[in-house]
Amino acid sequence: MTGTTTRAVPGDVGADTGTRRDARHGALPDDRPGALKIAVVGGFGAGRSTMVRSVSEIRSLHTEEAMTGSEGSGRVPAKTATTVALDFGRITIDEERVLYLFGTPGQERFRFLWDRLLAGTTGAVVLVDTRAVADARFAIERLGQLGTPFIVAVNDFGGPFRSEEEIRKDLALASMVPMVEFDARDHSSSKFVLIALVEHLHSLGLAQGT
């Protein structure tokens, strides 16, 4: 990718803390002004569960079941489980800002759950797999309909190469929407994406901090 795209540099950062509130209904267990609800969305197999698992400072909640359909099986033959409700995790950005992450299910048959999970969301990360860029269109269109600000994060699956211009064109992505490259498996890389989102929200006047 070229242009203004930023790439995350792997490395270990973060802290281990806990939470005791059940997040299945989308309510935040924290009423501090700097607590933000963040959605992690995208197409099937784009890396939502992996990102939440890698970046969360608590033991992340996953609702995965064995796959029974054929959706995406040709592109991701090794994938045997799929999220059927949500992924949930938490990451502290700094002393003022803590993010609660809600990952949506990827398969089309579970999209009826999206609106409930997206309710009250401050911002979102749309994951893009360069092997199937078009799979991210639904997420972008739905966030646009809801008026939810977002950034795009291109997950590194090792190819094929797609330039920033190609991805933006395929997704009809506005120039003001930030785009970053990252590796969903890496804690620091995933945290970099969330920091980029917080900075974008701050530029829109939707998040505390500088």
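Just so it is clear, the structure is predicted and the values come from calculations on it, not from any experiment. (Residues numbered from 1 in each chain as written. Predicted model: local features only at pLDDT ≥ 70, side-chain atom pairs only at ≥ 80, totals over all residues. Heavy atoms only, no water.)

Further remarks concern the packing of aromatic side chains. Applying the stated criterion to the full structure yields two aromatic pairs. Following the ring pairs from residue to residue traces out a cluster consisting of Phe88, Tyr100 and Phe102. Taking the ring centre of phenylalanine 102 as reference, the NZ or CZ of lysine 37 above it sits at 4.7 Å. The positively charged end of arginine 131 is found above the aromatic ring belonging to phenylalanine 157, 4.1 Å away from the centroid. (Phe/Tyr/Trp six-rings, centres within 6.5 Å; stacked < 30°, edge-to-face > 60°. Lys NZ or Arg CZ within 6 Å of the ring centre and 35° of its normal.)

With that settled, consider the nonpolar core. Inside soluble globular proteins, nonpolar side chains tend to come together where they are buried. In terms of nonpolar packing, the biggest core is built from 25 residues, with Leu99 and Leu194 touching the most fellow members. Elements represented by at least two residues in this core include exactly strand S2 (35-42), helix H1 (48-55), strand S5 (98-103), strand S6 (123-129), strand S7 (150-155), strand S8 (179-182) and helix H5 (187-203). Grouped together as the second largest cluster of nonpolar side chains are 20 residues, Ala39, Ala136, Ala139 and Met179 included. (Core = buried A, V, L, I, M, F, W, Y, C linked by side-chain atoms within 4.5 Å. Buried < 20%, exposed > 50% of the residue type's maximum accessible area, 1.4 Å probe, protein only. Helix = DSSP H or I, 4+ residues; strand = E, 2+ residues; numbered from the N terminus.)

This brings us to helix H3 (residues 137-146). Buried residues of H3: Ala139, Ile140, Arg142 and Leu143, and no others. Buried residues along H3 cover an arc of 165° about the axis, so they all sit on one side. Among the exposed residues of H3, those pointing more than 90 degrees away from its buried face are Gly144 and Gln145. Against the buried residues of H3 lie S2, helix H2 (114-118), S6, S7 and helix H4 (164-171). Once H3 finishes, glycine 147 follows within two positions and takes phi at roughly 75°, a positive value. (Arc of directions from axis to C-beta. Contact = heavy atoms within 4.5 Å.)

Here we take up the side chain of arginine 48. Tracing the backbone shows arginine 48 in helix H1. Buried charge arginine 48 goes without a salt bridge, the closest partner of opposite sign being aspartate 87 at 5.3 Å. Within polar-contact distance, the side chain of arginine 48 engages the backbone oxygen of threonine 104 at 2.6 Å. (Lys, Arg positive; Asp, Glu negative; His and termini not counted. Salt bridge = Lys/Arg side-chain N within 4 Å of Asp/Glu carboxyl O. Polar contact = N/O pair within 3.5 Å; in protein donor to acceptor, adjacent residues only side chain to side chain.)

Burial in H4 covers these residues: Glu164, Ile167, Arg168 and Leu171. Buried residues of H4, viewed axially, fall in a sector of 95°; they line one side. Buried residues along H4 sit against S6, H3, S7 and S8.

Moving on, we get to the pairing of S7. Among the six residues that make up S7, six are buried, leaving the element largely enclosed by the rest of the structure. Of the two faces of S7, the one carrying Phe150, Val152 and Val154 and the one carrying Ile151, Ala153 and Asn155 are both buried. In this sheet, S7 lies alongside S6 in parallel orientation, the contact comprising six bridges. Across the sheet, the residue bridging to valine 126 is valine 152, located in S7. Of the crossover connections in this fold, the one passing from S6 over H3 to the parallel S7 is right-handed. As paired strands, S7 and S8 are joined by four bridges and run parallel to one another. Residue pairing in the sheet places asparagine 155 in a bridge with phenylalanine 182 of S8. (Pairing = 2+ DSSP bridges. Right-handed = clockwise from strand over helix to strand, strands pointing away.)

Its identity is not glycine, yet alanine 172 carries a phi of approximately 50°, on the positive side. Summarising the element assignment, alanine 172 is placed in the loop between H4 and S8. Given the relative accessible area of 69%, alanine 172 is considered exposed.

Mapped onto the secondary structure, serine 56 falls in the loop between H1 and strand S3 (61-66). Of the residues examined, serine 56 reaches a relative accessible area of 11% and is grouped as buried.

A few words on the pattern of salt bridges. In this structure the tally under the stated criterion is seven salt bridges. Note that arginine 185 is salt-bridged to aspartate 183, the shortest N-O span being 2.8 Å. Exposure remark for arginine 185: the relative accessible area of 64% places this residue in the exposed category. A residue is classified by how much of its surface remains accessible, and aspartate 183, at 18% relative accessible area, is buried.

Within the protein chain, residue pLDDT values average 78, and 69% of them lie at 70 or more. Across the protein chain, S7 holds the top mean pLDDT of 97, while S3 sits lowest at 51. Across residues 79-85, where pLDDT falls below 50, the model places 34 contacts with residues more than four positions away in sequence or in other chains. (pLDDT = per-residue confidence, 0-100.)

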